[in-house]
Amino acid sequence: MSKEEINTSTTSKIISKPRIISGITFIVLSVVLTLSFVSYLMNWKADQSQAGTMSDKTVVSSNIFGKIGDWLGNLFIFESIGVAAFVVAFLFLVFGTLIFKKTYFKPWKTISHSLFFICWVPIFFGAVTGGEGVLGGVYGYQIMDYLKSYIGSVGLWMVLLVSFALYFVLEFNLRPSSIKNKLNDINDNTFGKLKGLMPDSDEEFEADEELENEIQPEKLAVNETTIKTDNDFSNIKVTQDFEPIKTPNKTTFVEEIKETQPEIILSTETPIQKPVVEKPILDIPVAKPADDITLNIEVKKEEVYVPNAEQQKSDDLVSKHGLYDHKLDLAKFQMPSIDLLKDYGNEEITINHEELEENKNRIVGLLKTFNVGISEIKATIGPTVTLYEIVPEAGIRVSAIKKLQDDIALNLSALGIRIIAPMPGKGTIGIEVPRKNPTMVSMRSVVASPKFQTADMDLPIVFGKTISNEVFVADLAKMPHLLMAGSTGQGKSVGINAILTSLIYKKHPSELKFVMVDPKKVELSLYSKIERHYLAKLPDTDDAIITDNAKVINTLNSLCIEMDQRYDLLKNAFCKNLKEYNAKFAQRKLNPENGHRYLPYIVLVIDEFADLIMTAGKEVEHPIARLAQLARAIGIHLIVATQRPSVNVITGMIKANFPARIAFRVISGVDSKTILDSPGAEQLVGRGDMLYFNGNDLIRLQCAFVDTPEVERIAEFVGEQKGYPDAYLLPEYSSEEGTSTVGAFDPNEKDQLFEDAARIVISTQQGSTSMLQRQLKLGYNRAGRIMDQLEAAGVVGGFNGAKAREVLISDLGSLERLFDELKGR
């Protein structure tokens with residue numbers, strides 16, 4: 001043995017001692033952890049309660065490793081990663097074997113697989129057990145609960161299935177192409193071996209015999225030979241090994257080597273002759289001199305834009321008359337001033353430190369009572385409510401705080417407690433507590449705010465202020481429709497007035513028109529004074545504010561006709577939306593002789609939608625749904641309000657097309673879910689306290705207060721100015737009643753409710769269409785058709801103006817005889 005080998009073996013013996021100690025330590029720790037975890041899972045309830053009693057000698061542990069085992073199981077399983085803790089024990093075993101240089105496992109691959117299972121196994125068991133038990137641990141439950149709150153149960157399971165599926169596909173190479181290749185390899189190897197057993201021809205058979213007789217050299221070994229070359233005089237040790245090959249003719253082999261190899265003499269101080277390789281002669285064409293090449297210079301001229309005839313005509317009109325000014329008809333119109341709105345004095349929020357400190361102590365004390373620790377708490381004061389943001393201690397479940405909503409409300413002696421857990425985009429939990437002395441938010445203060453005055457929006461609406469006392473402005477054109485709901489007296493009508501006031505303060509009469517539907521006949525009557533400025537109506541109607549249900553149906557269908565006409569104009573103008581169309585018209589690129597005109601925005605306002613659904617039903621719902629689906633691009637927007645947000649009023653078809661919603665205080669959580677798809681509106685405090693949902697976020701606002709005298713002053717200011725000759729006229733719509741005539745009665749065409757309607761008319765002795773609407777819950781059109789059929793059958797008399805029709809049959813017996821006669825026809 002050489003000295004180097006002796007030194008190397010001695011060094012390895014010196015290094016191996018600490019490795020042995022470290023390796024054994026890791027393996028022992030792996031065994032201890034595994035047995036502790038198994039014992040903990042068998043008695044985890046008792047072990048968990050004993051984990052914090054390390055110093056109490058009277059407590060006897062049931063774990064195989066005593067209280068240390070309890071502590072390890074509680075630390076790794078319950079408080080951490082659940083059954084995935086066994087992976088940690090496995091990693092200790094892997095490290096121990098690696099120290100001994102035993103490569104039973106591939107290190108990096110094993111670590112990556114272990115991290116995958118540590119991350120996903122707790123979440124999987126957390127989803128399976130729902131947080132019960134210790135299989136998922138605190139980590140598994142919290143991540144599962146977080147994912148479930150954002151993507152739901154179905155989304156959570158989809159994420160888990162996709163994660164494990166990707167793992168197995170990548171680990172076992174389960175791609176379809178690889179599986180097909182493996183099957184092909186198996187087939188090729190199997191049949192190839194069978195085919196290779198026999199030669200294909202006699203020639204191959206003879207060739208095989210010749211291969212067996214080939215000359216093969218024996219093993220040649222030249223060890224530590226020094227070679228000196230012409231260029232380098234350094235000593236180089238070369239070791240060459242040749243595999244032992246038996247040869248029947250050694251002389252022939254040497255001769256072949258001499259013929260094929262250059263001369264190499266393996267001796268000291270002898271140069272090696274390098275082989276001479278002759279380079280082939282290449283026939284490379286000689287390039288011409290640079291002076292003989294002609295340079296061709298070509299300069300492309302920039303294309304000059306030549307406008308077509310229509311573009312040239314529009315450019316000439318703009319240069320001669322300027323851009324089209326849609327405000328020219330009412331050029332002297334003055335927008336309402338802020339002085340028309342009442343000044344309610346100082347609206348700055350006063351901070352009541354005693355109230356804040358009292359509420360903080362009560363919240364912290366109540367949560368501690370239920371073993372919910374808090375590491376930080378912050379208060380944000382708004383006009384109506386104060387938001388307390390708390391940061392729970394590590395290990396506290398969010399669901400535990402959510403369940404305490406009623407207890408917190410009881411402890412604070414306050415209504416309208418709302419818990420937001422967790423706060424969107426923050427790592428906190430919000431508790432909204434109403435203030436004892438709320439601050440009023442006046443319409444004057446929000447209209448005068450720079451945020452509203454400088455709002456670059458098509459239809460800006462200022463709702464009020466947020467809980468952080470910031471003015472909240474939204475664009476109706478981007479909503480694009482708004483659904484409002486709230487119980488009586490909670491601020492719904494004030495909210496409608498705030499929306500209308502915002503639009504009147506920002507838009508010129510030529511840019512905006514309202515279609516107002518007021519079944520209660522008193523809420524929107526104040527705006528009748530601005531009919532020739534801002535309102536739209538049907539031709540040949542006296543009042544622009546619609547209160548009759550029959551006219552509501554006609555108006556909605558007329559708006560559908562207006563929508564279709566506007567889409568035709570946009571199609572002919574090659575525009576996608578109203579903004580592009582009006583810009584093109586202002587540039588005089590659209591000819592008015594072809595029907596083009598400046599198109600104002602149209603806002604349909606319905607104050608009490610539930611009454612329309614009760615009296616008109618589907619005849620109202622269908623045109624509203626059609627407008628909500630299609631009317632956004634052509635500038636028709638809907639604001640629908642109701643005080644009864646039940647599912648038979650706000651149907652699925654209506655909700656699907658109204659992404660923006662406002663909820664004032666409602667009676668129950670069911671009503672809140674109907675309007676907002678989530679609870680919370682039943683916890684509001686009323687008086688303008690509202691929740692705004694824009695399809696993504698739920699924002700709590702204090703609606704700006706605008707009183708009736710303020711609305712009257714604004715309407716009078718606008719109405720006293722010069723207006724258009726008439727209101728904006730909508731397209732004519734002729735209902736079926738207007739075109740049909742009462743003829744002979746046809747039993748085959750009678751309505752299914754014909755006999756029921758006849759009995760109601762005879763029993764009440766009233767030939768009223770509106771009565772049939774209420775009794776049978778029909779739309780006006782269908783009730784009118786049934787009344788015409790009753791007239792044709794001789795049950796009632798002809799139309800008598802505003803009076804009810806005359807009933808021609810006195811009792812039900814005579815009516816039954818009439819039915820028998822009609823059936824015999």
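Residues numbered from 1 in each chain as written. Predicted model: local features only at pLDDT ≥ 70, side-chain atom pairs only at ≥ 80, totals over all residues. Heavy atoms only, no water.

1. Concerning the overall build of the chain
Rules: Strands are runs of DSSP state E lasting at least 2 residues, helices are runs of H or I lasting at least 4, and numbering of each runs from the N terminus. Relative accessibility under 20% of the residue-type maximum defines a buried residue, over 50% an exposed one, and the middle range a partly exposed one, all with a 1.4 Å probe and only protein chains included. Here, two residues are considered to be in contact whenever any of their heavy atoms come within 4.5 Å of each other. Areas reported as accessible are Shrake-Rupley estimates using a 1.4 Å probe. Residue values count occlusion only from the protein chains shown.
When you go through the chain residue by residue, the secondary structure sums to 29 helices and 17 strands. Burial analysis of the chain (825 residues in total) assigns 41% to the buried set. In the chain, of all internal contacts separated by at least 6 residues, the share reaching a separation of at least 24 is 66%. Put simply, the chain shows about 48100 Å² of open surface, and 55% of that area lies on carbon and sulfur atoms.

2. Thoughts on the packing of aromatic side chains
Using the following cut-off: Between the rings of Phe, Tyr and Trp (Trp by its six-membered ring), a pair exists once the centres lie within 6.5 Å; its type follows the angle of the planes, with under 30 degrees stacked, over 60 edge-to-face, and the other angles tilted. Here, a charge over a ring is recorded when the distance from Lys NZ or Arg CZ to the ring centre is within 6 Å and its angle to the ring normal is within 35 degrees.
Summed over the entire model, instances satisfying the criterion amount to 17 aromatic pairs. It is Lys-506 that lies over the ring of Phe-452; its NZ or CZ is 5.4 Å from the centre.

3. So, the sheet that holds strand 16 (residues 698-703)
To be explicit about the condition: Only strands that DSSP links by at least two bridges are regarded as paired with each other. Throughout, an axis means a line fitted to C-alpha atoms (over the contacting stretch in the case of helices), and angles, computed between N-to-C directions, take values from 0 to 180 degrees.
The 9 strands lie next to each other as 8-7-16-15-14-9-13-12-10, forming an open sheet whose pairing is mixed. Only two strands of the sheet have a single partner each, and these edge strands are strand 8 (471-475) and strand 10 (512-517). Direction aside, neighbouring strands of the sheet carry axes that sit 30° apart on average. Bridge analysis of strand 15 (residues 689-693) against strand 16 gives 5 bridges, and the strand direction is antiparallel.

4. Digging into a nonpolar patch on the surface
Our working rule: Residues qualify for a patch when their relative accessible area is over 30% and they have no salt bridge, like charges being joined within 9 Å and the nonpolar side chains of Val, Leu, Ile, Met, Phe, Trp and Tyr within 5 Å. Each reported salt bridge corresponds to a side-chain nitrogen of Lys or Arg within 4 Å of a carboxyl oxygen of Asp or Glu.
Residues Ile-20, Ile-24, Val-28 and Phe-100 make up a contiguous nonpolar surface patch of about 320 Å² in total accessible area. With respect to the helices and strands, Ile-24 occurs in helix 1 (residues 3-42).

5. Some remarks on the confidence of the model for the chain
Operational definition: Summary of the metric used: pLDDT quantifies the predictor's per-residue confidence within the range 0 to 100.
Averaged over the chain, the pLDDT score is 78; the fraction of residues at 70 or greater is 75%. The low-confidence segment residues 736-742 (pLDDT under 50) makes 10 contacts with residues lying over four places distant or belonging to another chain.

6. Details of the pattern of salt bridges
In the structure shown here, the tally under the stated rule is 28 salt bridges. Lys-507 is the salt-bridge partner of Glu-511, the closest N and O atoms lying 3.8 Å from each other. Of the two residues examined, Glu-511 and Lys-507, each falls in the buried class. In this structure, Arg-597 and Glu-562 form a salt bridge, with 3.5 Å as the shortest nitrogen-oxygen distance. One end of the pair, Arg-597, is in the loop between helix 19 (578-586) and strand 12 (601-606); the other, Glu-562, is in helix 18 (residues 549-573), and 35 residues separate them in sequence. You can call Glu-562 buried: its relative accessible area is 2%. In this structure, a network of salt bridges that share partners links the residues Lys-750, Glu-755, Asp-756, Arg-759 and Glu-816.

7. Comments concerning unusual backbone geometry
The peptide bond linking Ala-421 to Pro-422 adopts the cis configuration, its omega dihedral lying at -10°. Structurally, Pro-422 can be placed in the loop between strand 5 (418-420) and strand 6 (429-434). Cis geometry marks the peptide bond from Met-479 to Pro-480; its omega dihedral reads -5°. With respect to the helices, strands and loops of the structure, Pro-480 is situated in the loop between strand 8 and strand 9 (482-485). Unlike most non-glycine residues, Asn-371 shows phi in positive territory, near 60°. Structurally, Asn-371 is set in the loop between helix 11 (353-369) and strand 3 (374-381). With a phi angle near 55°, Lys-777 is a residue other than glycine that sits in the positive phi range. Relative to the helices and strands, Lys-777 is located in the loop between helix 27 (769-776) and helix 28 (780-793).

8. A few points about the sheet that holds strand 6
The 4 strands are arranged 3-4-6-5 in an open sheet whose pairing can be described as antiparallel. Strands with a single pairing partner mark the edges of an open sheet, and in this sheet they are strand 3 and strand 5. Neighbouring strand axes in the sheet, compared pairwise and without regard to direction, differ in orientation by 20° on average. Lying over the sheet, helix 11 contacts strand 3, strand 4 (385-392) and strand 6, oriented at roughly 40° with respect to strand 4.

9. With respect to the nonpolar core
Worth spelling out the cut-off: Residues belong to a common nonpolar core when they are buried Ala, Val, Leu, Ile, Met, Phe, Trp, Tyr or Cys residues joined through side-chain atoms within 4.5 Å.
Within the largest apolar cluster, 114 residues are counted, with the highest numbers of intra-cluster contacts made by Phe-463, Leu-482, Phe-514 and Tyr-692. For this core, the element with the highest residue contribution is helix 18, accounting for 9 residues. In this structure Phe-463 touches Phe-472, Ala-474, Met-479, Leu-482, Ile-499, Ile-662, Met-690, Tyr-692, Leu-701, Gln-702, Cys-703 and Ala-704, once residues within four positions along its chain are discounted. Phe-754, Val-761, Met-771 and Val-795 belong to the second largest nonpolar core, which has 23 residues in total.

10. Brief notes about the side chain of Asn-557
Looking at the secondary structure, you find Asn-557 in helix 18. According to the relative accessible area criterion, Asn-557 is buried, its value standing at 19%. With sequence-adjacent residues up to four places away left out, Asn-557 is seen in contact with Pro-623 and Tyr-733.

11. Structural notes on the pairing of strand 8
For strand 8, the buried fraction is high: 5 of the 5 residues fall into the buried class. What you see with strand 8 is no split at all: Val-471, Val-473 and Asp-475 on one side and Phe-472 and Ala-474 on the other are buried throughout. The pairing of strand 7 (residues 460-466) with strand 8 spans 5 bridges and is classified as antiparallel. Bridged to Gly-464 within strand 8 is Phe-472. Joining the antiparallel neighbours strand 7 and strand 8 is a turn of 4 residues, in which Asn-469 adopts a positive phi near 65°.

12. Section: the packing of helix 26 (residues 754-764) against helix 27
How two helices sit against one another is set out by the angle between their axes and by the gap between those axes. This is how the line gets drawn: Left-handed is the label given to a crossing in which the near helix is rotated counterclockwise from the far helix by less than a right angle, and right-handed is the label when the rotation is clockwise. By the convention adopted, Pro, Cys, Tyr, Trp, Phe, Met, Ile, Leu, Val and Ala count as nonpolar, Lys, Arg, Asp and Glu as charged, and the other residues, Gly among them, as polar.
Taken N-terminus to C-terminus, the directions of helix 26 and helix 27 make an angle of 115°; their axes are 11 Å apart at the nearest point. Note that helix 26 runs across helix 27; the crossing there is right-handed. On the side of helix 26, the interface is formed by Asp-756, Ala-757, Ile-760, Val-761 and Thr-764, while helix 27 contributes Met-771, Leu-772, Gln-775 and Leu-776. Class assignment for the residues of the contact of helix 26 with helix 27 results in 6 nonpolar, 2 polar and 1 charged.

13. Considering the environment of Ala-550
Mapped onto the elements, Ala-550 comes out in helix 18. What makes Ala-550 buried here is its relative accessible area of 13%. Once the C-alpha coordinates of Ala-550 and Ala-616 are considered, the two residues, 66 residues apart in sequence, prove to be 8.3 Å apart.

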